[in-house]
Amino acid sequence: MKKMIIAMAVLFITTIHVQAQGGFNLGAYVGIPVADGGDVANLALGFDANYLFEISEKFSVGPTTGFSHSFGENNFDAFQFIPIAAAGRFNINDMFTAGIDLGYAIGINDGNNGGVYFRPTFAYNVTDRIQVNASYIGVALGSGRGLGYYGYYDYYYDDYYYNNYAYNGTFSIISVGATFNLN
């Protein structure tokens, strides 16, 4: 199932790239996991891509996706996800843009069930093609494995002993990055 989801995400990214003629943007970021995410990871790196359709001179919308990798710490594995979301951007003026991405983050690492994805962002337009931005990335997780802990439990199954964590929180990242308009 996960391989099929990854294949769909790659197809989605490729489709955006092929159709990109006027509003294709590619970005990268570095971030620090905070709150629940800060308990299990210490650094996040990622990239994103979107294709924005201009609705008016001030407002654009379109699909967005990417990849995020947070390096695990305290004996936790890395936390990885691919967001599939809708992006909205509002041009405050010629210099500043505000926006939000809303959708679902597909969990990539073992035991990561993913969750609702949201990313408010604020950007400074350096040129017509380059933006620097700051954002808060949040993935609201349900029960699953691969993040901080909500509770610890032990169990036996087929004469084997298991211990596991149950999660119910939000994996959060504060990030800074750059976006390049490739139109």
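Every value quoted in this text rests on a predicted model; they were computed, and no experiment measured them.

What counts, and at which threshold
- Residues numbered from 1 in each chain as written.
- Predicted model: local features only at pLDDT ≥ 70, side-chain atom pairs only at ≥ 80, totals over all residues.
- Heavy atoms only, no water.
- Helix = DSSP H or I, 4+ residues; strand = E, 2+ residues; numbered from the N terminus.
- Buried < 20%, exposed > 50% of the residue type's maximum accessible area, 1.4 Å probe, protein only.
- Contact = heavy atoms within 4.5 Å.
- Salt bridge = Lys/Arg side-chain N within 4 Å of Asp/Glu carboxyl O.
- Phe/Tyr/Trp six-rings, centres within 6.5 Å; stacked < 30°, edge-to-face > 60°.

### Structural notes on the overall build of the protein
Item 1. On a plain count of helices and strands, the protein comes out with one helix and eleven strands.
Item 2. Secondary structure elements of the protein occur, N-terminal to C-terminal, as α-β-β-β-β-β-β-β-β-β-β-β.
Item 3. Counting only residues that meet the buried cut, the protein has 40% of its 183 residues in that class.
Item 4. Considering only intrachain contacts with a sequence separation of at least 6, the fraction spanning at least 24 residues in the protein is 55%.

### Side note on the pattern of salt bridges
Item 1. Scanning the model with the defined rule gives two salt bridges in all.
Item 2. Residue Arg119 pairs with Asp48 through a salt bridge whose shortest N-O separation is 2.7 Å. Taken together, the residues span a long stretch of sequence, with Arg119 in strand 7 (residues 115–125) and Asp48 in strand 2 (residues 41–51) at a distance of 71 residues. Residues Arg119 and Asp48 agree in their burial class; the two are buried.

### Considering the packing of aromatic side chains
Item 1. Under the definition given, this model contains eight aromatic pairs.
Item 2. With 6.4 Å between their ring centres and 35° between their planes, Phe47 and Phe67 make a pair best called tilted. Of the two residues, Phe47 sits in strand 2 while Phe67 sits in strand 4 (residues 59–72), which places them 20 residues apart along the sequence.
Item 3. Phe47 gets classed as partly exposed once you look at its relative accessible area, which sits at 37%.
Item 4. Grouped by ring-pair contacts, the aromatic residues Phe79, Phe81, Tyr117 and Phe171 constitute a single cluster.

Such coordinate-based values are descriptive only and should not be taken to indicate function.
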